[in-house]
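# What the coordinates show
Listed below, chain by chain, are the residues.
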Amino acid sequence: MKDINEEVLRVLITEEQIDARCKELASQIEADYENKNPLLLCLINGSLPFLGNLIKYIRIPMEYDCIRVHSYQGQSSTGNVIVENYNFDKLKGRHIILIEDIIDTGLTLHTLKQMLKSIPIGSVEICSLLNKPGLNQIDVGAKYIGFEIPSEFVIGFGLDYNEQYRNLPYIGIMNPKAIK
Ligand code: IMP
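This write-up is about the structure you can find in this document.

Each value, and the rule that gives it
For every chain, the first residue of its written sequence is number 1, and the numbers climb from 1 along that sequence. Under the rules for a predicted model, residues below a pLDDT of 70 receive no local features and side-chain atom pairs below 80 are neither given nor counted, while totals for whole chains, interfaces and linings still include all residues. In computing side-chain values, all of the structure's heavy atoms are included and hydrogens and water are not. To qualify as a helix, a DSSP run of H or I must reach at least 4 residues; to qualify as a strand, a run of E must reach at least 2; elements of each kind are numbered from the N terminus. Just to be clear, the radius of gyration here is over C-alpha atoms, and the globule rule we use is 2.2 Å times residues to the power 0.38. Three labels apply to residues, based on accessible area from a 1.4 Å probe with only protein chains included: buried if under 20% of the type maximum, exposed if over 50%, partly exposed otherwise in between. Here a residue-residue contact requires only that any non-hydrogen atoms of the pair lie within 4.5 Å. Note that accessible areas follow from Shrake-Rupley with a 1.4 Å probe, and for residues the cover is restricted to the protein chains shown. Positive: Lys, Arg. Negative: Asp, Glu. His and the chain ends are not part of the count. Note on charges: their place is set at NZ of Lys, CZ of Arg, CG of Asp or CD of Glu. Whether a residue is near a molecule or strand depends on its heavy atoms: it is near if one of them lies within 4 Å of it. We call two N or O atoms a polar contact when they sit within 3.5 Å, provided that within protein one can donate a hydrogen and the other can accept it, with sequence-adjacent residues counted only if both atoms are side-chain atoms. Classification used: nonpolar for Ala, Val, Leu, Ile, Met, Phe, Trp, Tyr, Cys and Pro, charged for Asp, Glu, Lys and Arg, polar for all others including Gly.

## Notes on the overall build of the protein
- Each helix and strand in the protein was counted, giving 3 helices and 9 strands.
- For 180 residues, the compact-globule estimate of 2.2 N^0.38 gives 16 Å, and the C-alpha radius of gyration of the protein, at 16 Å, lies within 12% of that figure.
- Taking the principal axes of the C-alpha coordinates as reference, the protein spans close to 50 × 35 × 30 Å.
- The burial tally for the protein puts 47% of its 180 residues in the buried class.
- Long-range pairs, those at least 24 residues apart, make up 67% of the contacts in the protein with a sequence separation of at least 6.
- Accessible area of the protein: about 9,300 Å², with a carbon and sulfur share of 48%.
- Averaged over its 18 positive side-chain charges, the protein has a centre that lies 2 Å from the centre of its 23 negative ones.

This is how it looks when you write it as structure tokens:
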């Protein structure tokens, strides 16, 4: 059996750490969105495991929806953010929390926030499991961040390398030997 865990150089954030941080983020969201029925807009595919873990701990009324956005190929951004057909009308008047797996250049969230400017929404905030700060990062003003990580390519808990490794239950650094 080929075990994908063997292609991880080292574990950066454990399953338990992710779970504990999701609880903390959920309680911040509860406090900030009472009586607002927030709409958690999950950027798929990468953010699905994060959304699933986070919403278990949110006890206030809320809804979620998914939007398919992509810009990455292999280990780098193409610089071209594509949002697949999404009916933005349903966001009108809503308090939106964008659920993202990782902020790298910030281009994805910046582009999405720009798109939302033309719609009369209630408010928009960002909740990202990871933030990979770098010199060229666009400041997207993320309100909720799970973990700050070093500038390394990470996989697991939804994060992929060419669509693989999303099913690892933790965040890890990929073994360079596994890079194709
Ligand atoms: P940004 O637009 O550069 O902020 O990149 C955001 C997207 O790039 C994320 O949603 C991921 O899909 C992808 N990405 C950025 N860094 C990594 C990484 O270290 N591992 C896997 N995917 C990444």
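## Examining the site of the ligand
- Around the ligand, a shell composed of 16 residues is seen, among which Thr105, Gly106, Thr108, Lys132 and Val154 lie nearest.
- In the model, an oxygen atom of the ligand is placed 3.2 Å from a nitrogen or oxygen of the Glu100 side chain.
- In the model, an oxygen atom of the ligand is placed 2.8 Å from a nitrogen or oxygen of the Asp101 side chain.
- Look at the ligand: alone it shows 490 Å² of surface, and the protein chains cover 92% of it.
- Within the residue set of the shell around the ligand, elements represented by two or more residues are strand E5 (95-103) and helix H3 (107-116).
- In terms of residue count, the dominant contributor to the shell around the ligand is E5 (4 residues).
- Looking at the shell around the ligand, its residues break down into 7 nonpolar, 3 polar and 6 charged.

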